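Observations on the three-dimensional arrangement
Spelled out from the first residue to the last, the chains are:
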Amino acid sequence: MLVMFSMFTLCAFLFYLLAGCCNSLPLDTVDSIAVKQSTQLFYKTYGESFEKNVSNCTNGIVVPAPVITSLEGTSDSGSENSNISKDWIAVRRLPQALILGVKKGGTRALLEFLRLHPDIRALGSEPHFFDRHYARGMNWYRSMMPKALDGQIVMEKTPRYFVTAETPARIHSMSKDIKLIVVVRDPITRAISDYTQIISKTHDIPSFETLTFKNRTTGQIDSLWSPIWIGLYAQHLEKWLTYFPLSQIHFVHGERLISDPAGELGKVQDFLGLQRIITDKHFYFNKTKGFPCLKKPEGSSKPHCLGKTKGRTHPKIDTEVIKKLKDFYHPHNLKFYQMAGQDFGWQ
């Protein structure tokens, strides 16, 4: 009877301790190591959603207690093991990697693919901090980032960064060691895709052939027209190399991102110093859209393709105009190959 009474008393003590009811006990009787281990186990079960909350005791001291705030960003059992040794407190940090561009190169696809990795926490929207909202300050920028555990890489993508003159210096002032990713695509195909997006939003605008030239009679290309200008990759890269070494910039081959997404994602994971977790088992090719889709995206058990705005049918462009554009871009492409240290094979 004495033993049973003692066990009952001990169980009651542990129940009140874990429930945060410390009315009659001083805080120094709490085994802090056991409490931390139990909260770590709870956090590993629920992912990022665990945060510290407090409940008051009668002696005026507060004790941490776990509260579920969100299940955003949780992943399946593959990430559970990878988080065992991580700190259990998720915080908002400035990004350690950026997808800089280019527009209509495949940046959205790359971001969605990378979010499969349990050690990547990526912002879904484009914050446009370094090109449009820089005056709001770093605290505002940090507040936009997803919460991440210690060891996870925080990143965002804004394609306009690559072509905006002020962004290299601004990003360098935030971090000299940040890793930069640029998705590049045949500049002619990219320009046609850009124009296709424009006409989907704005009607009654001139044809692609008309806008391509300053003077079609003389054949002079309008290099300041945005769809053409963005494709001058060498011109834009020069600004970045003023502030960052080439070793901190990784170029994703836009065409190979479609034909071999696992291969391109493998190189990106290597660049970020991550284990190659995203492989060909995550993709299937959608013949209707003409690009790869995810077999099992983050937070879902169903296959997923990018939205209706991706994979639009391009208008047919005059072959003579295509030839003029090839001649125009040829020297710019060769210079870019030399600067980037690789040949992308655009003809």
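The name recorded for the protein in an unreviewed UniProt entry is Sulfotransferase, from Polyodon spathula. According to UniProt, the comment filed for the protein under the heading Sequence similarities (unreviewed entry) is "Belongs to the sulfotransferase 1 family."

1. Points about unusual backbone geometry
The peptide bond linking G101 to V102 adopts the cis configuration, its omega dihedral lying at 5°. If you trace the backbone, V102 turns up in the loop between β4 (97-101) and α4 (107-114). Here the phi dihedral of D204 falls at roughly 60°; this positive angle occurs in a residue that is not glycine. Note on placement: D204 falls in the loop between α7 (187-201) and α8 (208-212).

2. So, the pairing of β4
Burial runs high along β4: 5 of the 5 residues are buried. Taken together, the 3 bridges between β4 and strand β7 (residues 153-157) define a ladder with parallel strand orientation. Bridge pairing in β7 places A97 opposite M155. Judged from the 4 bridges that link them, β4 and strand β8 (residues 179-184) form a sheet pairing that is parallel. Across the sheet, residue L98 finds its bridge partner in β8, namely L180.

3. Overview of the packing of α7 against helix α13 (residues 319-340)
At a closest axis distance of 9 Å, the pairing of α7 and α13 adopts a crossing angle of 125°. As summarised for this structure, α7 and α13 are arranged oblique, according to the angle between their axes. Contact residues: P187, I188 and I192 in α7; I322, L325, K326, Y329 and N333 in α13. Grouping the constituent residues of the contact of α7 with α13 by class yields 6 nonpolar, 1 polar and 1 charged.

4. A look at the packing of aromatic side chains
Scanning all chains against the criterion turns up 21 aromatic pairs. Seen in terms of ring centroids, F130 and Y161 are 5.5 Å apart; in terms of plane orientation they differ by 75°. Their pairing is edge-to-face. Here Y161 lies in the loop between β7 and α6 (167-174) and F130 lies in the loop between β5 (120-122) and α5 (138-144), a separation of 31 residues in the sequence. In this pair, the class of F130 matches that of Y161, namely buried. Summarising the aromatic geometry, the rings of Y195 and W225 are spaced 6.3 Å apart at their centres and angled 70° between planes, so their arrangement reads as edge-to-face. Here the residue Y195 occupies a position in helix α7, and W225 occupies one in the loop between β10 (220-221) and α9 (226-229), the gap between them amounting to 30 residues.

5. Some words on the nonpolar core
Counting residues in hydrophobic clusters, the biggest one holds 50 residues, and the most contacted among them are L100, F162, I171, L180, F208, W240 and F336. Where this core is concerned, the elements lending two or more residues are β4, α6, β8, α7, α9, α10 (233-241), β11 (249-253) and α13. In terms of residue count, the dominant contributor to this core is α13 (9 residues). In this structure, V252, F271, I278 and L294 belong to the second largest nonpolar core, which totals 25 residues.

6. Observations regarding the packing of α10 against α13
Contact geometry of α10 with α13 gives a least axis separation of 8 Å together with a crossing angle of 30°. Comparing their axes, α13 and α10 come out roughly parallel. Residues Y233, A234, L237, E238 and L241 of α10 form the contact with α13, whose own contacting residues are H332, K335, F336, M339 and A340. Residue composition of the contact of α10 with α13, grouped by class: 7 nonpolar, 1 polar and 2 charged.

7. Considerations on the sheet that holds β4
Sheet strands line up and pair through hydrogen bonds in the backbone, either parallel or antiparallel. On the basis of which strands lie adjacent, the open sheet formed by 5 strands has the order β5-β7-β4-β8-β11 and parallel pairing. A single partner strand is all that each edge strand has here, and the edge strands are β5 and β11. The average undirected angle you get between the axes of adjacent strands in this sheet is 25°. In this structure, β8 lies alongside β11, joined through 5 bridges in parallel fashion. Within β11, the position partnered with V182 by the bridge is F251.

8. Notes on α7
Taking 1.5 Å of rise per residue, the 15 residues of α7 would be expected to cover 21 Å, and the 21 Å separating its terminal C-alpha atoms lies within 8% of that figure. Among the residues of α7, P187, I188, R190, A191, I192, S193, D194, Y195, T196 and Q197 are the ones counted as buried. Where the residues of α7 are buried, they touch α8, α9, α10 and α13. Two or three places before I188, at the start of α7, stands the capping residue D186, its side-chain oxygen 2.9 Å from that residue's backbone nitrogen.

9. Notes on the side chain of D186
Tracing the backbone through its elements, the reader meets D186 in the loop between β8 and α7. No salt bridge is formed by the buried D186; the nearest opposite charge belongs to K326, separated by 7.2 Å. Here I188 takes part through its backbone nitrogen, which lies 2.9 Å from a polar atom of the side chain of D186. If we ignore the near neighbours within four places in the chain, the residues touching D186 are Y233, E255 and W346.

10. Description of the pattern of salt bridges
Counted according to the given criterion, the structure contains 10 salt bridges. A salt bridge links E126 to K157; its shortest N-O distance comes to 2.6 Å. Within this pair, whereas E126 is found in the loop between β5 and α5, its partner K157 is found in strand β7, the two being separated by 31 residues in sequence. Taking the relative accessible area as the measure of exposure, K157 reaches 3% and is therefore buried. One salt bridge in this structure joins R276 and D270, with 2.6 Å as the shortest N-O distance. Looking at R276, the relative accessible area reads 45%, which means it is partly exposed. Using a relative accessible area of 44% as the deciding quantity, one classes D270 as partly exposed. Here the salt bridges do not stand alone but share partners, grouping K103, R190 and D194 into one network.

About the criteria used
- Residues numbered from 1 in each chain as written.
- Predicted model: local features only at pLDDT ≥ 70, side-chain atom pairs only at ≥ 80, totals over all residues.
- Heavy atoms only, no water.
- UniProt positions renumbered as here; feature names shortened; annotations may be inferred.
- Helix = DSSP H or I, 4+ residues; strand = E, 2+ residues; numbered from the N terminus.
- Buried < 20%, exposed > 50% of the residue type's maximum accessible area, 1.4 Å probe, protein only.
- Pairing = 2+ DSSP bridges.
- Axes fitted to C-alpha atoms, helices over the stretch in contact; angles between N-to-C directions.
- Parallel < 35°, antiparallel > 145°, perpendicular 65-115°, else oblique.
- Contact = heavy atoms within 4.5 Å.
- Nonpolar A, V, L, I, M, F, W, Y, C, P; charged D, E, K, R; others polar.
- Phe/Tyr/Trp six-rings, centres within 6.5 Å; stacked < 30°, edge-to-face > 60°.
- Core = buried A, V, L, I, M, F, W, Y, C linked by side-chain atoms within 4.5 Å.
- Expected span 1.5 Å × (residues − 1).
- Polar contact = N/O pair within 3.5 Å; in protein donor to acceptor, adjacent residues only side chain to side chain.
- Lys, Arg positive; Asp, Glu negative; His and termini not counted.
- Salt bridge = Lys/Arg side-chain N within 4 Å of Asp/Glu carboxyl O.

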